[in-house]
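# Examination of the molecular architecture
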Amino acid sequence: MTASPTAERPSLRSQRLNQITNEPHTKLDALVKAHAPFETQANFARFVVAQYLFQSELVGLYNDAELIKIVPDLAARCRADAAKLDLADLDTEVPAPVAGALKNPSKAQALGWLFVSEGSKLGAAFLIKRAVGLGMSETFGARHLGEPAGGRAEGWKSFTRTLDALQLSAEEEAAVEQGAVDAFVRFTVLLEQAYASAPELA
């Protein structure tokens, strides 16, 4: 048997996005590990700073009327407020915005960014177990890593089902893919910023 031409490019959009973002995702995971966010509470606080910065940049997308027509529960999925409460729990100041935030993306681009943000909730299932070791929980310090209403798996399946069913032009398809890659690149920038701005230990 010979491999069909589609073997290398998955038919589902969500699977293609996973494939396309594999490299930046792997690099980001390695960078997170390098900063050892679960070794100390101070390290974890910097990680929450990065999460807050990223989520706060996406608040406009989560509340966008056109995107809510596509994903009706989108506004409820936003984690910026949870991350802000976590910062307060950790006695960490809310950081100032970092230059270079996403501005006026197309609907297709925005969907790529949301794909990355929503997908990170799956990884959060592992992260919150580590956070518990630092005394954090879904109600203190690690709210933004908590289980979404309805469950992580169902929330993700619901989002990807919707995304996979959309009829997009080739141009829009490319924009979704670029948006997803850009989101990983942006989070990497914000993570570096969060740890670079960590206060010097006395």
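This section reports on the structure supplied with the text. (Residues numbered from 1 in each chain as written. Predicted model: local features only at pLDDT ≥ 70, side-chain atom pairs only at ≥ 80, totals over all residues. Heavy atoms only, no water.)

Turning our eyes to something else, we now look at the overall build of the protein. Broken down by element type, the protein carries 10 helices and zero strands. Along the protein, from the amino end to the carboxyl end, the secondary structure elements read α-α-α-α-α-α-α-α-α-α. For 202 residues, the compact-globule formula gives about 17 Å, and the C-alpha radius of gyration of the protein, at 17 Å, lands near that figure. Dimensions along the principal axes, computed over C-alpha positions, put the protein at roughly 60 × 40 × 35 Å. The buried share of the protein, taken over its 202 residues, is 44%. If you take every contact in the protein between residues at least 6 apart in sequence, the share linking residues at least 24 apart comes to 80%. (Helix = DSSP H or I, 4+ residues; strand = E, 2+ residues; numbered from the N terminus. Rg over C-alpha atoms; globule rule 2.2 N^0.38 Å. Buried < 20%, exposed > 50% of the residue type's maximum accessible area, 1.4 Å probe, protein only. Contact = heavy atoms within 4.5 Å.)

Attention now moves to helix α2 (residues 22-34). It helps to recall that an α-helix has 3.6 residues per turn; residues three or four apart then point in one direction. Here α2 is 13 residues long and its end C-alpha atoms lie 18 Å apart, about the 18 Å a rise of 1.5 Å per residue gives. Inspection of α2 places P24, L28, L31 and V32 among the buried residues, and these make up the whole buried set. For α2, the angular spread of the buried residues around the axis is 100°, confining them to a single face. In α2, the exposed positions angled more than 90 degrees off the buried face are occupied by E23, K33 and A34. Contact partners of the buried residues in α2: α1 (13-20), α3 (41-57) and α10 (170-196). Of the residues trailing α2, A36 is marked for its positive phi of about 45°. (Expected span 1.5 Å × (residues − 1). Arc of directions from axis to C-beta.)

Right, let's talk about the packing of α3 against helix α7 (residues 80-89) for a bit. Running from amino to carboxyl end, α3 crosses α7 at an angle of 150°, the nearest separation of the two axes being 9 Å. Comparing their axes, α7 and α3 come out roughly antiparallel. Crossing of α3 against α7: the hand is left-handed. For the pair α3 and α7, contact is made by A45, V48, V49, Y52, Q55 and S56 and by A80, A83, K84, D86 and L87, respectively. Of the residues contributing to the contact of α3 with α7, the split by class is seven nonpolar, two polar and two charged. (Axes fitted to C-alpha atoms, helices over the stretch in contact; angles between N-to-C directions. Parallel < 35°, antiparallel > 145°, perpendicular 65-115°, else oblique. Left-handed = near helix turned anticlockwise from the far one by under 90°. Nonpolar A, V, L, I, M, F, W, Y, C, P; charged D, E, K, R; others polar.)

Structurally, S117 can be placed in helix α8 (residues 107-132). Residue S117 is classed as buried on the basis of its relative accessible area, which comes to 0%. Those residues within four positions of S117 in sequence are excluded, and the remaining contacts are F54, Q55, L58, Y62 and R79.

Along the polypeptide, A42 turns up in helix α3. Residue class for A42 comes out partly exposed when judged on its relative accessible area of 45%. With 50 residues separating them in the primary sequence, A42 and T92 have C-alpha atoms 9.2 Å apart.

This paragraph deals with the nonpolar core. In globular proteins that are soluble, nonpolar side chains generally tend to be buried together. Counting 53 residues, the largest nonpolar core has F44, L61, L67, F115 and L191 as the members making the most contacts within it. Contributing elements (two or more residues each) for this core: α2, α3, α4 (59-62), α5 (65-70), α7, α8, α9 (152-165) and α10. Leaving out residues up to four positions away in the same chain, F44 has contacts with P37, F38, L90, A131, L134, M136, G141, A142 and L145. (Core = buried A, V, L, I, M, F, W, Y, C linked by side-chain atoms within 4.5 Å.)

Looking now at the side chain of H144. With respect to the helices and strands, the residue H144 is situated in the loop between α8 and α9. Polar contacts involving the side chain of H144 include one to the side chain of D86, which spans 2.7 Å. Contact partners of H144, with chain neighbours within four places excluded, come to F47, V48, Q51, R79, A82, A83 and D86. (Polar contact = N/O pair within 3.5 Å; in protein donor to acceptor, adjacent residues only side chain to side chain.)

So, about unusual backbone geometry. You will see that A36, though not glycine, has its phi angle at about 45°, which is positive. Mapped onto the fold, A36 is located in the loop between α2 and α3. Positive phi, normally seen in glycine, also occurs at N104, with a value near 45°. Here N104 lies in the loop between α7 and α8. A relative accessible area of 77% places N104 in the exposed class.

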